[in-house]
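Remarks on the overall topology
Chain by chain, the residues:
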Amino acid sequence: MRLKNKVAIVTGAAHGIGAAIVRAFAREGAKLVVGDILDDEGNALVAAINKEAGAEIALYMRFDVTQAAHWDKAVALAESRFGKLDLLVNNAGVPGRPGVEDTTEESWNRTMDVDLKGTWLGMKACMPAFRRAGGGAVVNTCSNYALVASGRATVYHSAKGGVLSLTRAAAVEYARQKIRVNAVLPGVVATPRNASLPADWAKTLIDQTPLGRIAQPDEIAPAYVFLASDEASFVTGTSLVVDGGYTSI
Ligand SMILES: NC(=O)c1ccc[n+]([C@@H]2O[C@H](COP(=O)([O-])OP(=O)(O)OC[C@H]3O[C@@H](n4cnc5c(N)ncnc54)[C@H](O)[C@@H]3O)[C@@H](O)[C@H]2O)c1
């Protein structure tokens, strides 16, 4: 129960890595506002968690992380239903189109809006609530693609590089307010977004990963539990890479 008495907002949480984070946080005793734009999957996840807990420990809320007003509603929901807010996981993301020339302005703007602006908006909305709670912790989903190039994900690399810098900037800005800000940098994970990964690209990624396989979402979630928990009380501004060794070569 490493997150007992903690209240969290997790975005992009209807499936994939976000759903694994929500399940792990629930197992560790957290109460949750689960945000996404996929209502059916989000509601089903929350229903399953509450059934297993035998109590309403999770609420689903449809919200788009690019909309400041949605963030305000999510914070208000956490505080009104669970009494406070301690934790934020900025996990929502969209990959975007591949190369420099393939990338349209629409794709650039969408990925930057969801992955980077959404992360900033989330922190902006939650910081006052963390102060009201006496402190807090943010975990931003970044990517090992913030550290290395792949040759085929221009806007995604750019957005996640921004998330890494934003994480460090916010960590320094808020450290004296007892608010920690960290990032998790996953490698390739078996989620719905990667279901249609071209076979040749999947093979290349596996070949380049020392552990020789793609991760399952449940192998990524424990990093979030650690960074959100009081066990990480002296950890801020860090980037925890969980990529099977991909960036160690
Ligand atoms: N899967 C990977 O290999 C991998 C690797 C590194 C980092 N990541 C990052 O992990 C996070 C989750 O990835 P995933 O693979 O589970 O992705 P996914 O595409 O399977 O799930 C992303 C979730 O974000 C939600 N979402 C998209 N736009 C949204 C918006 N505007 N507002 C609210 N929710 C929105 C989607 O509905 C979806 O539920 C992303 O930030 C992604 O960039 C994934």
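Check the entry above for the structure.
Calculation criteria
Residues numbered from 1 in each chain as written. Predicted model: local features only at pLDDT ≥ 70, side-chain atom pairs only at ≥ 80, totals over all residues. Heavy atoms only, no water. Core = buried A, V, L, I, M, F, W, Y, C linked by side-chain atoms within 4.5 Å. Buried < 20%, exposed > 50% of the residue type's maximum accessible area, 1.4 Å probe, protein only. Helix = DSSP H or I, 4+ residues; strand = E, 2+ residues; numbered from the N terminus. Contact = heavy atoms within 4.5 Å. Expected span 1.5 Å × (residues − 1). Near = heavy atom within 4 Å. Polar contact = N/O pair within 3.5 Å; in protein donor to acceptor, adjacent residues only side chain to side chain. Areas by Shrake-Rupley, 256 points an atom, 1.4 Å probe, with all protein chains shown as cover. Nonpolar A, V, L, I, M, F, W, Y, C, P; charged D, E, K, R; others polar.

**Here's the deal with the nonpolar core**
- If you look at the biggest cluster of nonpolar residues, it comprises 35 residues, and the most contacted ones within it are Ile 21, Val 22, Phe 25, Leu 32, Val 34 and Tyr 224.
- Listed by contribution, the elements that provide at least two residues to this core are β1 (7-11), α1 (16-27), β2 (31-36), α2 (39-53), β3 (58-62), β4 (87-90), β5 (136-141) and α7 (217-228).
- Considering each element in turn, this core owes the most residues, eight residues, to α1.
- Those residues in contact with Phe 25, other than ones at most four positions away along the chain, are Leu 3, Ala 8, Ala 30, Leu 32, Leu 87, Val 89, Tyr 224, Val 225 and Ala 228.
- Grouped together as the second largest cluster of nonpolar side chains are 29 residues, Phe 63, Ala 78, Leu 88 and Phe 130 included.

**Focus on α7**
- Its 12 residues give α7 an end-to-end C-alpha distance of 17 Å, which sits within 8% of 16 Å, the value for a rise of 1.5 Å per residue.
- Turning to α7, the residues buried within the fold contact α1, β4, β5, β6 (179-186) and β7 (239-242).

**Thoughts on the site of the ligand**
- Taken together, 29 residues form the shell around the ligand, and within it Asp 36, Tyr 156, Val 189, Thr 191 and Asn 194 come nearest.
- Measuring from an oxygen atom of the ligand, one finds a side-chain N or O atom of Asp 36 at 2.6 Å.
- About the coverage of the ligand: the protein hides 94% of its 830 Å² of free accessible area.
- Taken together, the elements giving at least two residues each to the shell around the ligand come down to α1, α4 (105-133) and α5 (154-174).
- Per-class residue counts for the shell around the ligand are 14 nonpolar, 10 polar and five charged.

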